[in-house]
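Structural overview
Read off the chains here:
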Amino acid sequence: VHAPRGMRASKKDLFCITKRNTGGGPLLFRWHPEGTLLAVAGATPSVAVWDRSGREVATVALKSPCIGLEWDKDGEVLAVICQASSAVVFWETLKRRTTTMDSGLRESVVFIRWSVAGNQLAIGTEAGSLVIYSKRPEKKTPLASKHTRAIIGGAWSKDNLLALASEDRKVSVCDHTGNDVGELDLKGSATDLQFLNIKTDTPSSRKENTLSFIVANARLYLYIIDPPSSPMELAFQARYGNLVKHTCFGDGYIMLGFSLGFFVVISADMSEIGHELCSTKMFSVSVTDIVFSTTLRRAAVSGEDCVKILDTKNWKTVVDTLQISHERGAVEKLGWTKDGQILTLGTANGYAYSYLTKLPVTHAAFGSKICYLSSLRTLTVVDVKTRTTQVEVDLPIEPLFVSIGPKHAVVGMNNQAFFYNIDVPPSPVRITKSANEMNYNGTVDAMAMNNRWAAALYEGKIMLHLIDKNDKTEGESSKVFPEGEDSSGGITCVALSNDFLVYGTAKGTIAFFYIQDWAFVSEYHMTDVSVGIRAVYPNSQGTRLVGVDTANRGFVYNPVNDSVNMFPDWSETVQNVFWDLADWGVIVSADVDKFHTYQYTPTTISGPQIVKVADTQRLAAMKPLLATNGSVVCQDENGSINTVFLASHNGLLGPGANLNKKAQFTQSLRLGRMKDSWNAAKVINSEECWQKLGTEALRQMDVQLAINVYRQLGDASMVFSLENILDAEDANLLAGQLEVLSGHYNEAQNLFLASSKPMLALQMRRDLLHWDQALALAKTLAPAMIPLLSTECASQIEFKGEYQQALEMYTTGQAGLTEQSEYYIKCKAGIARMNIRLGDISTGIKLAAQLQNNQVLRECAQILESMKQLPEAAQLYAQGSLFDKSASIYLKCRNYGQLKDIMPNVTSPGLHSLYAKAKEEQGDLAEAERSYILANDFDNVIRLNLKFTAKPERAIEFARKTGSQIGAKMVAEFCQNTGDFRSAIEFLFRAKLDDDAFNLAQQQNAMDKYAEVLGTDGTLQQYDRIATFYETHGDFLEAGKFFAKCQQYPKALKLFLRCGERAISPAIDVVGKARDVGLTKMLLDYLMGDTDGVTKNPLYIFRLHMALGDYLLAARTAIVIARQEQALGHYAIAHSTLFDAFEILDTNNIPVIPELRRSLCLLHSYILAKLLISKKFHEAAARMLIRVARNINKFQNHLVPILISTVLECQIGGLNKSAFEFATVLVSPEYRRDIPQQYKLKIEGVVRKMDKTEDVEKTTPCPNCSQHLFRTELDCPNCKSFLPWCIITGRHMVLDDWTCCPLCKFPALYKHFMKHISSGQHCPMCDRAVDPATVVKETNPTPILKKMIESIDIAALQAKDDQPPKTITVPDAKPEMRERSARRAVAAIPEGEVKKDKSGKEKDKDQEAGQESSKSPPREAEAPPQESARRRHHKSPDAGKN
């Protein structure tokens, strides 16, 4: 239990009566039995009567100061006695009048005491006389007194016994008629007489059987009257001091106060008599008084100038302290009202203080606002959300009822009510004036309000009226319910929502009155007419109502459809019900000692449901006000506002609530907080939680949430099913679908029938194979479906084996159907099957045959087979196209005659094999062979052809085709027997008899056949055996090949070198595979002639570097070879060599060295010249020839012809200046005599004319830096790059017309390349045909260009450093060995027989014969040499063997 800050009540000063009112001196005061009036007497000759708020209501005048005053038990009369008077003054409470009664005695009255059980007043005098005055009937009865001196004390018991104490040291006990009960003589005067009940061994008939009193301020006496016994004397420790006061309370307990300030509590039970339950020093001086409140179960002890309030649960705990000013005197007397609300204390100086110690538990709540009495006449309004006080109202009365609405609070008493406007700003406001006052025609029993209206329940009626008298409204402003004079079975409870007045009656009616239309909109009558409505609790909108009937049953009522849902496990002692302000469907009921939490779900598959969530213990003294977010705000008996957390929410509220996610999930789910449950389930992420959440989402028909949950579970089928019904608008239809998913089919049927699609009920039963229910539904919903359902039902019955009943259902289903109907065919097939099963085989076969349906025929055949009717089964299988099954049965029956017709349709190899064996036994070998072939039993086919049909070639064919080892073995044996050993070797190998095959090959000297059969799939051991065989027989070439295959590379190389140049190519391959330094050196020595003194063709060195992966050295070797070929005039071969090297380097991502790149470009320009001349592109051809002529020193063998061609093409192409430049070179003495006669005059004419006019070559941007260059210029002076060039035109590339040959990947200008290959010509670089469809124009060639430029730069750096890349390093090979190999390769190039002409120019004699003479045709001098013009891959010296 928790008290919110700012909402706890405490003691409060009510009023103070000063000595100006009392005259000072010690006070006498007595509270009215009901606590409504306080009588006070001081030193003045009067008694003042005050109300609870401290107003003086009457004064009783006396002749002398008061010495005693007492209220009768009913509070009707106040009896007063005064000094030196024999009269008794009576003040009547109701009439507010004073009367005086003479006691009839001569002595002064010093003692009066009203009976606590009757109407008697005991009057005692200073002489010990006693008179009993009876109020009804009014009379005085003098009794014979047993005392001789003044009576100083007395007490009445609940049994109406009177005990008196006198100064004569006697205590007497008598009844109200004066009959003696007992008398005691004491050693001192007795004071403070009290009756109590003590448990004794002998049962007593009296309510209070013991009299306790103090003797001589020292000892406590306990005098048991019934049964009579001697008094018990209790003495106490001397340190306590004198015994001043004692008070009896409870079941035989006594509180004692001592003169030294000690407070002691003892038990008077006979088993523990005198046992001290508590002993504590409360004050430094004497205890003056002790009082006990039965209502509060608290004691007040006074001493000095303060009062301490103790809780009987823990005596040493002081729960409150009342402190007064020291000047106003010590506290001498205490008095508590019966209800415990007011504690009054009187001081020695005549002051009386009244304190509010217990607030009246009067309260009300609306929404988050509560109002309660914080004082007897102060109403406090608090908002529980903000925990702040909003309004305090000063009341004109002490109200008996309060109520609160959204804008008003009302208090009242009896038939009067005061309305206050509490719709004020947030800051606390104090209100003193009411907004309206109402007087009703009866005492108000209950009150309810909304924004404008108030409803007062009184005497079984309700008056509905406007709260504010100034509120103007159209129509009526008040109404009394029920209308008319008849109020029998009157209204018992009332409530107001924003729009509705709701009330219940004693006859069991709940009525909803719509205020706006001023009319009733709903009336509900309990089915049991003997039960009335005790209480109604609508929610804030009035859409649902919790009702409690007079049979103490709780229910939720829906006024929209008059549906009622009873609460499960409802307590019969429920006192109040609350709708949780935060959770719409959470309802909390409060009984005597518990809170019960329920969850109301308005929409579920089964309709509205109420589930009990949990019970929470509560203290009976705590009065609930409202429920919000799992907590109940209560007011306890001292007025404090506290909060009780419900057990149903303990996993969601308070410290540590977020730590236990599983408890949070469980409680959120039970409370219907689906969003919170989802969040908790995501954190926990267990299948169990997801399953629970999914089930609850289905129950609440939250389809979208259920879809999300089952997605988390990975249940695709459920998600798919739910998505199909997500948009369903009919609630019954949706609920029915969800019930189907949950497996509740009866409920689903009822919901479907109540929905807009009742046929779904029939469809569901049909899908579930519930045929009885489906047929019953079909009679009313769809009679046309009865044949269909009968057919399907019959199929189900047939499956169960109830064939006679199935036959009847099939017959029923067939009735009324046309022969073309699908279901007619199904019924007829079922009839056929049932006839066969029931023994009428001929009829069943006839019906099945009529249908001509393979499936039906097969089903009937299967049934016949199970019945051992094999011939008929085989016949139907055949008719049903199950030829394999039919053949199987015929084979079992050995009916080979029927088999011959169906075997061509049989697909089972096993059946064909069985049939073949049967035919072989019958001697029909041809049929047997055909069946063996169909059965894939080729071993038997081979066997038949070898042994019986004498067709070995056919057997060999099958053995090779099938790969059967058994068949191969049979053929091998046959070949050996017939002397065909080469075939025998092959089939022994095929039969996996490798050793036999090798031995036979060795014996018959047919190892080539064995090697041929072995192919490339042999093992190292097999290749070693073959190599050894050839080595032994002197065939070193073959031996070397097989030693290489078995990875014995040194041995293979040695054997290859023994074979001479014919084995150089395989030797290179071996070294390439071995990657061994020693083997590489051995082969290089051989190629360089170190071994035999004969230098081999340098192409072999090129191939060796290629095989070793040393591409850079290979490229350099290629350059050397190309120079050799170029020097000899073999320009096409040189071009091919460089292209091959370029392609290999590029394929292996090795940067191409600049020398190779430029040499290839120059040779390609030379080859392009003729291509361009043939196309009559003379300017382009001239440009290419100019590029060649600029490097004419690399074309020494054709220097003059090339220059002549250059001059002539330049002249034709309009490049006169260039023509003049190269003509000047030709007419120089060095070359003049080599000019053929037919060109000499023309050349000289060019020189004589000295025409230097020439059009400037067009420019295009550099693709790398965009600097404009001549189209044929390849070196950019700006970015210093050697630019990519077009393989068609020889110009540098441009970015907007870029493509590449799809075969060799060399760049080309797209327009020129497409035109060239579209005419059917090959790529001039790789000399291969290119499909135009494969050519793609590059939209963004920048990455290609960047890669080319970077490759050129890297290659330039590597060439400069003369360091080949690490990626091409031969494993374990030393760099100096690779360099020496390159030098040897260069040195090994044959120089040929070169001679010098007359000008001193060297000529190759091989080319001399072909040198163009001076008498050659003119155009031949312009054309490049023709040899090997179309050879792209020249042959090595041993190309034929490669």
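Report on the accompanying structure. (Residues numbered from 1 in each chain as written. Predicted model: local features only at pLDDT ≥ 70, side-chain atom pairs only at ≥ 80, totals over all residues. Heavy atoms only, no water.)

Considering the packing of helix 29 (residues 1049–1058) against helix 30 (residues 1064–1074)
The criterion, for reference: Here an angle of 0 to 180 degrees is reported between the N-to-C directions of two axes, which are lines fitted to C-alpha atoms, with helices fitted over the stretch in contact. The helix and strand labels rest on DSSP assignments: H or I over at least four residues marks a helix, E over at least two residues marks a strand, and numbering proceeds from the N terminus. For classification purposes, an angle smaller than 35 degrees is called roughly parallel, one larger than 145 roughly antiparallel, one from 65 to 115 roughly perpendicular, and anything else oblique. With the far helix as reference, a near helix turned anticlockwise by less than a right angle produces a left-handed crossing, and one turned clockwise produces a right-handed crossing. Contact criterion: two residues are considered in contact whenever any of their non-hydrogen atoms come within 4.5 Å of each other. Residues are sorted three ways: Asp, Glu, Lys and Arg are charged, Ala, Val, Leu, Ile, Met, Phe, Trp, Tyr, Cys and Pro are nonpolar, and all the rest, Gly among them, are polar.
Orientation of helix 29 relative to helix 30, taken along the N-to-C sense of each, is 160 degrees, at an axis distance of 9 Å. Here helix 30 runs roughly antiparallel to helix 29, going by the angle between their axes. Every pair of crossing elements has a handedness; the one defined by helix 29 and helix 30 is left-handed. Contact with helix 29, carried on its side by Tyr1049, Ala1052, Leu1053 and Phe1056, involves Pro1066, Ala1067, Val1070, Val1071, Lys1073 and Ala1074 of helix 30 and no other residues of that element. Here the residues of the contact of helix 29 with helix 30 are counted per class, giving nine nonpolar, no polar and one charged.

What about the environment of Ala832?
With respect to the helices, strands and loops of the structure, Ala832 is situated in helix 13 (residues 822–837). With 12 residues separating them along the chain, Ala832 and Gly844 place their C-alpha atoms 4.2 Å apart. Setting aside chain neighbours within four positions, we find Ala832 in contact with Gly844, Leu847, Ala848 and Cys860.

Section: the packing of aromatic side chains
Stated precisely, the cut-off is as follows: For this analysis, a ring pair means two rings from Phe, Tyr or Trp (six-membered ring only for Trp) whose centres lie within 6.5 Å, classed as stacked if their planes differ by under 30 degrees, edge-to-face if by over 60, and tilted for the remaining angles. Only when the NZ atom of a Lys or the CZ atom of an Arg is both within 6 Å of the ring centre and within 35 degrees of the ring normal do we say a charge sits over the ring.
For the structure shown, the criterion picks out 44 aromatic pairs. When the centroid spacing of 6.3 Å and the interplanar angle of 80 degrees are considered together, the rings of Tyr503 and Phe520 count as edge-to-face. Here Phe520 lies in strand 49 (residues 519–525) and Tyr503 lies in strand 47 (residues 500–505), a separation of 17 residues in the sequence. Every member of this aromatic cluster is reached through a ring pair, and the members are Trp453, Phe481, Tyr503, Phe513, Trp518 and Phe520. Positioned above the aromatic ring of Phe29 is the side chain of Lys333, whose terminal nitrogen or guanidinium carbon lies 5.9 Å from the ring centre.

What to know about the pattern of salt bridges
Put simply, the rule reads: Put simply, a salt bridge is a Lys or Arg side-chain nitrogen that is within 4 Å of an Asp or Glu carboxyl oxygen. Each residue is assigned to one of three classes by its accessible area relative to the maximum for its type, calculated with a 1.4 Å probe on protein chains only: buried under 20%, partly exposed between the two thresholds, exposed over 50%.
One pass over the structure, following the stated rule, counts 49 salt bridges. With a shortest N-O distance of 3.1 Å, Lys73 and Asp74 are connected by a salt bridge. Given a relative accessible area of 34%, Asp74 falls into the partly exposed group. Where Asp394 meets Arg430, a salt bridge forms, and the shortest distance between an N and an O atom there is 2.8 Å. Remark: Arg430 occurs in strand 40 (residues 429–431) and Asp394 occurs in strand 36 (residues 388–394); sequence separation between them is 36 residues. On the accessibility criterion, Asp394 (25% relative accessible area) is partly exposed. The exposure class of Arg430 is partly exposed, given its relative accessible area of 45%.

Remarks on the sheet that holds strand 45 (residues 478–481)
Filter applied, for reference: We call two strands paired when DSSP finds no fewer than two bridges between them.
One open sheet accounts for four strands, arranged 42-43-44-45; its pairing is antiparallel. Both outer strands of the open sheet, strand 42 (444–449) and strand 45, are each paired with one neighbouring strand and no more. Along the sheet, successive strands turn relative to each other by an average axial angle of 15 degrees, direction set aside. Both strand 42 and strand 43 (residues 453–458) contribute to a ladder of five bridges, which runs antiparallel. Bridging across to strand 43, Ala448 finds its partner in Ala455.

Digging into helix 36 (residues 1178–1189)
Cut-off, in case you're wondering: Here, expected helix span is obtained from the residue count minus one, scaled by 1.5 Å.
Between its first and last C-alpha, helix 36 extends 16 Å over 12 residues, near the 16 Å set by a 1.5 Å rise per residue. Across the 12 residues that make up helix 36, a large majority, 10, are buried. Burial in helix 36 covers these residues: Ala1180, Ala1181, Ala1182, Arg1183, Met1184, Leu1185, Ile1186, Arg1187, Val1188 and Ala1189.

Structural notes on the environment of Lys308
Under the convention used in this document: Here a polar contact is recorded for every N or O atom pair within 3.5 Å, except that within protein the pair must consist of a potential hydrogen donor and a potential acceptor, and residues adjacent in sequence are included only if both atoms are side-chain atoms.
Structurally, Lys308 can be placed in strand 28 (residues 306–311). As for Lys308 and Arg387, which are separated by 79 residues in sequence, their C-alpha atoms are 30 Å apart. A polar contact of 2.8 Å, which involves the side chain of Lys308, links it to the backbone oxygen of Met282.

A short note on the pairing of strand 39 (residues 416–421)
Bridge analysis of strand 38 (residues 408–413) against strand 39 gives six bridges, and the strand direction is antiparallel. Bridge assignment links Ala409 to a residue of strand 39, and that residue is Tyr420. Bridge analysis of strand 39 against strand 41 (residues 436–439) gives four bridges, and the strand direction is antiparallel. Its bridge partner being in strand 41, Ala417 is matched across the sheet by Met438.

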